[in-house]
Amino acid sequence: MGSEAETSADADAPPPPRRHRHARTVGAAHIAASRPVQATTAVAAVWLFAYAAHAVHLDLATLLVIVLGTAALNRYGSTVLDRIMAAVVLLAGTAIVGGLVISYWPWGLEPVAVGGFALSVLVLVSFAARRRFRLPKRFAAADAIAILSGAAATVIAAWPTLHSDFWKQFDYSALLADRLRQFAMFDVVRSGHSYAFAHFDRISAQALPGTRTYPSGMQMVYAIVDCFAHGDAKPGAPLDEFVRYYWYTLISFGLLVLATAWAARRMVGPMVADRLRLPSVFVTAGVGAFLSTGYFLSYVWQGFDSVVFACVFLVAGMAVILRPPRNVWEQVLLAGSAFLAVVFGHPLLLPHITLVLVAALVVYRRRFIKNRIGGKLAFAIGTLGVAVLVAAPLFAVSGLNIGTRFHTDGFIIALPWHVVLTVGVAAAIALANPATRRLPHAKAALGALAATGAVQIALEIDLVGHSSTRYYVEKSLNGLVLMCLVGLGGLANLWPQARPKAKPWPIRQAENAIAAVTAALAAGAVAFAPAYINWPRFQPGTDSTWAQLWTGRHTFVADYGHQLHAQQRLGVYTDGQPTIVASSPSGILNLNMSLLAGIANRDLHSVSSQINRTTDLYGLTGLPAKGEWSPQAKASLKILEHIITSNKVPIRIVVSDKVLAAKLQSFGAQHPQFKVKILYVP
C-alpha cells in the first residue's frame, strides 16, 4: 500500500483513460498524416520495380505481380484460386477499358508504362480503401483438380506443335482462315498501340474491311499481355508474333477449362467441413475432363479464338455474378468486368451474360436496396444498370448486327444433340433438386439457364430449313452448354448429409484421386479404340476422343509448312509487295497463304477486295503442258486473271506449277498496264 504523498499525487494526476484517448488521437493523426507519404513511397517503389524488371528482360514478372496483387487486394471467395480467378476477370475488363487510355496516351504499349501505371493503381486503391494485400491460405482439393485440368488442356491443345519445327507448326496453328483474320486484327491493335478506330490512319494499310468497327476486346487484352511477354512496345516480325499469338489462344483454351471447372465448384455452394469434398472433386474433374478431351477441343483448330476468350469470362462471370462477394461495390466491379470481356470478346454471347446479370439482379435485389448508399446515387446507378441491361440486346441487334449474323454461313463442327440434351437435363437436375434450389445462386443460375434456353429455342425455330446457316447459332448453343456445365456443380448437393469422420491426409488424397479418375471415365475422356474420325459426320469414331485425334494428328491438317518456308526464302513475307498465293491444290490453303503474306507484309488492305476469291482456286497444280485442262482448273485461271485486272494496285501471284506460271506470264505480257509479277516457287 502506497504512502499518503503517493496517494495524493495519484489523485492529482490526469485520469488514465483520458491519457489513453489523447495518445490514440495523436497516433491516429500521425498515421493519417503519414499515409500520403507512404502511398507516394509505395508508388515510387512499384515504378522502380517495373523499370528494373524491364532492364533485366523480365517484364513477365511485372505481369505476374499485377495478377497476384489484384488477387491479394480483392476479397472474393475463400480460397487462393477464388481470388486469382476474380483477379483475372477484373483485369480483363480493366484492360478492355484501359485500352482506351493506352490508345491515346503517348507511351503506347511500352511495358514499363503499362506495368508501372497498373501497379500504381493497385497501390493507390489499397491506400484509399484501407485494404491490405492479403491472400487466403486455404486451397480446396477441387481447386487443384481444376488447375490440373486447365494445364492438361493446354498441353493437349499444344501437342501437335510441341515437336514441330518453326514452319511445320503452321500446318496446325494456321489451319483455317478464322484464326488468321483474328490475328490480323490483333496485329492491328499491337502494332498500332491502340484500338483500330482510335488511330485508323496508322494501320489502314494492314487492316481488313470491318476492322475499324469490329469489337476487339480480346485483341487488346492479348496485346497488353504480349507487351510483357515480348518485352517490347514493338511487336517484332509478324510471323514470330503469330507464334506468340497462337500460344495465347492455347493458354486461353486451358483457362476456359480451368474457369468452367472452377465455376462448377463454386456452384456447389458453401462447403460444410469435409462433407462436400469428394462430390466437388468428382464434378470438377468430370467437367474438366469433358472439356479438355471432348468436342470443345475442336475450337482450337477451328480457330474460334474470340469465342474461347469470351466463353472464359462467360463461365467465370457466372461464378462471380451468381455467387458475389460481400462488398456491393466489388460485386458491381466483377459483374461489369465480366460483361465487358464477354461483349467485347464475342458479342454474339451478349444475350447469355445479360440474362445472367438480370437473374442475379432479381435474386440479390435486397442487397442493393439495404446497402447504405446515398439515395440519389443508388437511384442513378440502378437506373443506369437497368438501362444497360435492357438496351444492350437492342444495341447488339442494330449496332453489332447480331440479328443478321445469326444467318451468316460458315464452317463449324456441330456438337451432337445427345450431348446437348444430356448436359441440359443434368444441369436442370443439379439446380432444381431440393438440396440445391434453396441456395440463392442456384435459383439465379436456374433462371439464367431457362431464359437463355428459351432464346436458343427461338433461334432454332427461326432457322428451321436453313441448315447451312448454323455457324453462329451453333456457337450460341455451345455457350449455353458451357453454362449448363457450370450448373452441374449443384449435383454435389445430392451427396448424403452425414458428416464424415476425419481421415489422414494420404487417405483423403487417395479418395480424391479415385473420384477424379472415375469422373474422367464417366465423362468419356479415355479412348478405348484406335483413333478414327467419321468424315461424313466429322465426329470421332466409336470410343475415340477429340484429344486422341488431335494429338495423334488425325484431323484435317494444312500441310503447307514447306511451301511457306520456300516462299519466305524468296522474300514473299518481307518485301512488302501485295501478294496472292495460288500454289496449293486447295482453295482454303491458298486463302490461308494469301492472308499470311498480307499479314507478314502488313499490306493486307491492298488485296482485301480480292483475297476471298482465293477460296475458289482449286486444281492449279500438276497441270498438263499439252492437252485440255480440267473445268476446275480453267475456272480457277479465269479467277486469277480477274484478280490481276481488277485489283487496285499491281499484284504478285505466287504459283507452284510451271505450266500455270507460263500461262500467267503470257497473260501479263498481253496486259502490261497491270504490271503483274508471277513468282514460281516449286
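Predicted, not measured: the structure shown is a model, and the values here were computed from it.

Secondary structure summary: the chain contains 29 helices and five strands in total. Evaluated residue by residue, the chain yields a buried proportion of 53% over its 682 residues. Excluding contacts between residues fewer than 6 apart, the proportion of contacts in the chain whose partners are at least 24 apart in sequence is 77%. When the accessible surface of the chain is split by element, carbon and sulfur atoms take 66% of a total near 30,600 Å².

Positive phi, normally seen in glycine, also occurs at R602, with a value near 55 degrees. You can see R602 is positioned in the loop between α27 (587-601) and α28 (631-646). Non-glycine residue K675 carries a positive phi angle of around 50 degrees. Along the chain, K675 falls in the loop between α29 (658-670) and β5 (677-680).

Time to look at the side chain of S292. By the secondary structure assignment, S292 is in helix α12 (residues 277-293). From its side chain, S292 meets the backbone oxygen of G288 in a polar contact 2.8 Å long. From its side chain, S292 meets the backbone oxygen of A289 in a polar contact 3.4 Å long. Ignoring any residue separated from it by four or fewer positions in sequence, one finds S292 in contact with S149, A153, I156, F253, V257, L297 and A547.

Moving on, we come to the environment of L180. Among the structural elements, L180 can be located in helix α8 (residues 177-192). Taking the C-alpha atoms as reference points, L180 and M593, 413 residues apart in sequence, are found 9.6 Å from one another. In this structure, L180 is in contact with A174, F242, N592, L595, L596 and I599, ignoring residues within four places of it in sequence.

Once that is clear, we can look at the packing of helix α10 (residues 217-230) against helix α14 (residues 305-322). The N-to-C vectors of α10 and α14 enclose an angle of 85 degrees; their axes lie 10 Å apart at closest approach. Taken together, the axes of α10 and α14 are roughly perpendicular relative to one another. Residues G217, M218, V221 and Y222 of α10 lie in contact with α14, whose contacting residues are D305, S306 and F309. Split into classes, the residues belonging to the contact of α10 with α14 amount to four nonpolar, two polar and one charged.

Most often, soluble globular proteins have nonpolar side chains that are buried together. In terms of nonpolar packing, the biggest core is built from 180 residues, with F170, W262, I321 and I653 touching the most fellow members. Per element, the largest residue contribution to this core is 16 residues, and it comes from helix α11 (residues 238-266). When residues no more than four places from it in sequence are discounted, the contact partners of I653 are I580, L640, I644, L664, V676, K677, I678 and L679. Counting residues in each nonpolar core, the second largest holds seven residues, with A142, V281, A285 and A519 among its members.

Residue placement: T40 occurs in helix α2 (residues 16-55). Since its relative accessible area comes to 54%, T40 is described here as exposed.

Here we come to the pattern of salt bridges. Oppositely charged side chains can form a pair if their charged atoms are brought close together. Following the criterion strictly, the structure yields 14 salt bridges and no others. Residues E511 and R277 are paired through a salt bridge, measuring 2.9 Å at the closest nitrogen-oxygen approach. Within this pair, whereas E511 is found in helix α24 (residues 505-522), its partner R277 is found in helix α12, the two being separated by 234 residues in sequence. In terms of burial, E511 and R277 fall into one category: buried. Between R652 and D575 there is a salt bridge; the shortest N-O distance is 2.5 Å. Note that R652 is positioned in strand β4 (residues 652-655) and D575 in the loop between α26 (561-569) and β3 (579-582), a separation of 77 residues in sequence. With relative accessibility at 39%, the residue D575 sits in the partly exposed group.

All right, on to the pairing of β4 then. Across the two faces of β4 the burial is the same, with R652 and V654 and I653 and V655 all buried. Two elements, β3 and β4, share four bridges in a ladder whose sense is parallel. Residue pairing across strands places T579 opposite R652, the latter belonging to β4. As defined by bridge partners, β4 adjoins β5 across four bridges and the pair is classed as parallel. Across the sheet, the residue bridging to V654 is L679, located in β5.

Here the focus is a nonpolar patch on the surface. Side chains of V155, W159, L162, W247 and I251 sit close together on the surface and give an oily, nonpolar patch of about 450 Å² of accessible area. Sorting the residues of the nonpolar patch by element identifies α6 (141-162) and α11 as the ones contributing at least two each. Per-element tally for the nonpolar patch: the top contributor is α6, with three residues. Along the chain, I251 turns up in helix α11.

Here three strands make up an open sheet; going across it, the order is β3-β4-β5 and the pairing parallel. Since the sheet does not close on itself, it has two edges, and those belong to β3 and β5, each with one partner. If you compare each strand with its neighbour and ignore which way they point, the axes differ by 20 degrees on average.

Compared with an ideal rise of 1.5 Å per residue, which puts 13 residues at 18 Å, α29 spans 19 Å between its outermost C-alpha atoms and is within 8% of the ideal. Listed in full, the buried residues belonging to α29 are L660, A661, L664, F667 and G668. Looking straight down α29, one finds that the buried residues subtend no more than 125 degrees of arc, so they occupy a single side. With respect to the buried face of α29, the exposed residues turned more than 90 degrees away are K658, A669 and Q670. Each element contacted by the buried residues of α29 is listed here: β3, α28, β4 and β5. Where α29 begins, the capping side chain belongs to D657, and its oxygen is found 3.0 Å from the backbone nitrogen of V659.

Summing up the model confidence of the chain, the mean pLDDT is 85 and the portion of residues at 70 or higher is 87%. For the chain, the element scoring lowest by mean pLDDT is helix α1 (residues 4-12), at 37; helix α3 (residues 59-73) scores highest, at 97. Confidence drops under pLDDT 50 across residues 1-14; counting only partners more than four residues distant or on other chains, this segment forms two contacts. Overall, residues 390-401 carries pLDDT values under 50, and its contacts beyond four positions in sequence, including any with other chains, amount to 14 contacts.

Glancing now at α24. Between the first and last C-alpha of α24 there are 26 Å, a value that for 18 residues agrees with the 26 Å anticipated at 1.5 Å per step. Buried within α24 we find E511, N512, A515, A516, A519 and A520. Looking straight down α24, one finds that the buried residues subtend no more than 165 degrees of arc, so they occupy a single side. In this structure, α24 carries P506, I514 and V517 as exposed residues pointing more than 90 degrees from its buried face. Looking at the buried residues of α24, the elements they touch are α6 and α12.

Quick notes on the rules
- Residues numbered from 1 in each chain as written.
- Predicted model: local features only at pLDDT ≥ 70, side-chain atom pairs only at ≥ 80, totals over all residues.
- Heavy atoms only, no water.
- Helix = DSSP H or I, 4+ residues; strand = E, 2+ residues; numbered from the N terminus.
- Buried < 20%, exposed > 50% of the residue type's maximum accessible area, 1.4 Å probe, protein only.
- Contact = heavy atoms within 4.5 Å.
- Areas by Shrake-Rupley, 256 points an atom, 1.4 Å probe, with all protein chains shown as cover.
- Polar contact = N/O pair within 3.5 Å; in protein donor to acceptor, adjacent residues only side chain to side chain.
- Axes fitted to C-alpha atoms, helices over the stretch in contact; angles between N-to-C directions.
- Parallel < 35°, antiparallel > 145°, perpendicular 65-115°, else oblique.
- Nonpolar A, V, L, I, M, F, W, Y, C, P; charged D, E, K, R; others polar.
- Core = buried A, V, L, I, M, F, W, Y, C linked by side-chain atoms within 4.5 Å.
- Salt bridge = Lys/Arg side-chain N within 4 Å of Asp/Glu carboxyl O.
- Pairing = 2+ DSSP bridges.
- Patch = residues over 30% accessible without salt bridge, like charges linked within 9 Å, V, L, I, M, F, W, Y side chains within 5 Å.
- Expected span 1.5 Å × (residues − 1).
- Arc of directions from axis to C-beta.
- pLDDT = per-residue confidence, 0-100.

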